[in-house]
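# Descriptive structure summary
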Amino acid sequence: MRVAPVGGTAVQDHVALAEIELCGELIIAASTAREERLSLESIDEVLRVAEERDAEGE
C-alpha cells in the first residue's frame, strides 16, 4: 500500500473537483426545492447545461 508523502505535493484533479462542485450544487437545489424531486429542466438549469450548449455552438 502506498501512502501519499507528507508535504506540499498535493495533486489536484480538476475534473474531480468540478464534479464535486456540481454534485454540491445539485444537493443544495434538491434541498431547497418545493417539489419532491427536481425536474429534468431544473437539473439542467442547476448544471448550466444550456450555457454549455451555447458555448459549444459559438
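Here, the structure is the one placed above.
So, about the overall build of the chain. Secondary structure assignment for the chain yields 3 helices and 0 strands. Listing every helix and strand of the chain by position from the N terminus yields α-α-α. Carbon and sulfur atoms make up 56% of the accessible area of the chain, which totals about 5,600 Å².

Side chains of E51, E52, D54 and E56 sit close together on the surface and give a patch of like negative charge. With respect to the helices and strands, D54 occurs in helix α3 (residues 49-57). With a relative accessible area of 52%, D54 lands in the exposed category.

Parameters at a glance
- Residues numbered from 1 in each chain as written.
- Predicted model: local features only at pLDDT ≥ 70, side-chain atom pairs only at ≥ 80, totals over all residues.
- Heavy atoms only, no water.
- Helix = DSSP H or I, 4+ residues; strand = E, 2+ residues; numbered from the N terminus.
- Areas by Shrake-Rupley, 256 points an atom, 1.4 Å probe, with all protein chains shown as cover.
- Patch = residues over 30% accessible without salt bridge, like charges linked within 9 Å, V, L, I, M, F, W, Y side chains within 5 Å.
- Salt bridge = Lys/Arg side-chain N within 4 Å of Asp/Glu carboxyl O.
- Lys, Arg positive; Asp, Glu negative; His and termini not counted.
- Charge placed at Lys NZ, Arg CZ, Asp CG, Glu CD.
- Buried < 20%, exposed > 50% of the residue type's maximum accessible area, 1.4 Å probe, protein only.

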